[in-house]
Amino acid sequence: MAAAAGAVTAAAAAAAATAAEPAAAVGPGEEAGAGSLCPGPLRLARLPLARVKALVKADPDVSLASQEAVYILARAAELFVETIAKDAYVYAQQGKRKTLQRKDLDNAIEAIDEFAFLEGTLD
């Protein structure tokens, strides 16, 4: 029962995070995105959760990680990658390119305050 409640909570968090649907629209037993035009099962996380869990457990300070925590970390990583890729793509477009290059990521990291913690990591 706790796993089902966690799944509903995770689905509601994903809906709220993406602002595609309000969190209240996902009720118990309902799938987020039900009735959409995309065929197939809904996959809330795109990163493999087993790999994310392995990365979390690689930290010696972490002994246990709940499924919900692993899901939230995976979703946060997805949103981070999406955000930095979109911001870097602006610089690729300015260079009249469709392909992201390292210099586009460097430019995004330098220009956007939220990515300041990444400065020097690509060197």
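Source: prediction; values computed, not measured. (Residues numbered from 1 in each chain as written. Predicted model: local features only at pLDDT ≥ 70, side-chain atom pairs only at ≥ 80, totals over all residues. Heavy atoms only, no water.)

1. Observations regarding the side chain of Asp104
- Checked against the element boundaries, Asp104 lands in helix α4 (residues 102–111).
- Accessibility expressed as a relative area gives 1% for Asp104, which makes it buried.
- Setting aside residues up to four positions removed in sequence, Asp104 forms contacts with Ala88, Tyr91, Ala92, Arg97 and Thr99. (Helix = DSSP H or I, 4+ residues; strand = E, 2+ residues; numbered from the N terminus. Buried < 20%, exposed > 50% of the residue type's maximum accessible area, 1.4 Å probe, protein only. Contact = heavy atoms within 4.5 Å.)

2. Focus: unusual backbone geometry
- Positive phi outside glycine occurs at Lys96, with the angle close to 60 degrees.
- Here Lys96 lies in the loop between α3 (67–94) and α4.
- Here Lys96 falls in the exposed class, since its relative accessible area comes to 77%.

3. Some thoughts on the packing of α3 against α4
- Viewed as axis vectors pointing N to C, α3 and α4 meet at an angle of 110 degrees, and their least axial separation amounts to 8 Å. What the angle tells us is that α3 and α4 run roughly perpendicular. Once α3 is placed against α4, the crossing between them reads as right-handed. Here α3 contributes Ile84, Asp87, Ala88, Tyr91 and Ala92 to the contact with α4, which in turn contributes Asp104, Leu105, Asn107, Ala108, Ile109 and Ala111.
- A breakdown of the residues in the contact of α3 with α4 according to their chemical character gives 8 nonpolar, 1 polar and 2 charged. (Axes fitted to C-alpha atoms, helices over the stretch in contact; angles between N-to-C directions. Parallel < 35°, antiparallel > 145°, perpendicular 65-115°, else oblique. Left-handed = near helix turned anticlockwise from the far one by under 90°. Nonpolar A, V, L, I, M, F, W, Y, C, P; charged D, E, K, R; others polar.)

4. What to know about α4
- Burial in α4 covers these residues: Asp104, Ala108 and Ile109. One side of α4 holds all its buried residues, which, seen down the axis, span an arc of 135 degrees.
- On its buried face, α4 sits against α3. (Arc of directions from axis to C-beta.)

5. Some remarks on the packing of aromatic side chains
- Tallying each qualifying case throughout the model produces 2 aromatic pairs.
- Here the aromatic rings of Phe80 and Phe115 are separated by 5.9 Å at their centres, their planes lie at 80 degrees, and the arrangement is edge-to-face. Linking Phe80 in helix α3 with Phe115 in the segment after α4, this pair joins segments that are 35 residues apart in sequence.
- Between the aromatic rings of Phe80 and Phe117, the centroid separation amounts to 6.2 Å while the plane-to-plane angle is 45 degrees, which identifies the pairing as tilted. With Phe80 in helix α3 and Phe117 in the segment after α4, this pair connects stretches of sequence that are 37 residues apart.
- For Phe80, a relative accessible area of 31% gives the class partly exposed.
- Relative accessible area serves as the criterion here: at 57%, Phe117 is assigned to the exposed category.
- Members of the aromatic cluster, connected to one another through ring pairs, are Phe80, Phe115 and Phe117. (Phe/Tyr/Trp six-rings, centres within 6.5 Å; stacked < 30°, edge-to-face > 60°.)

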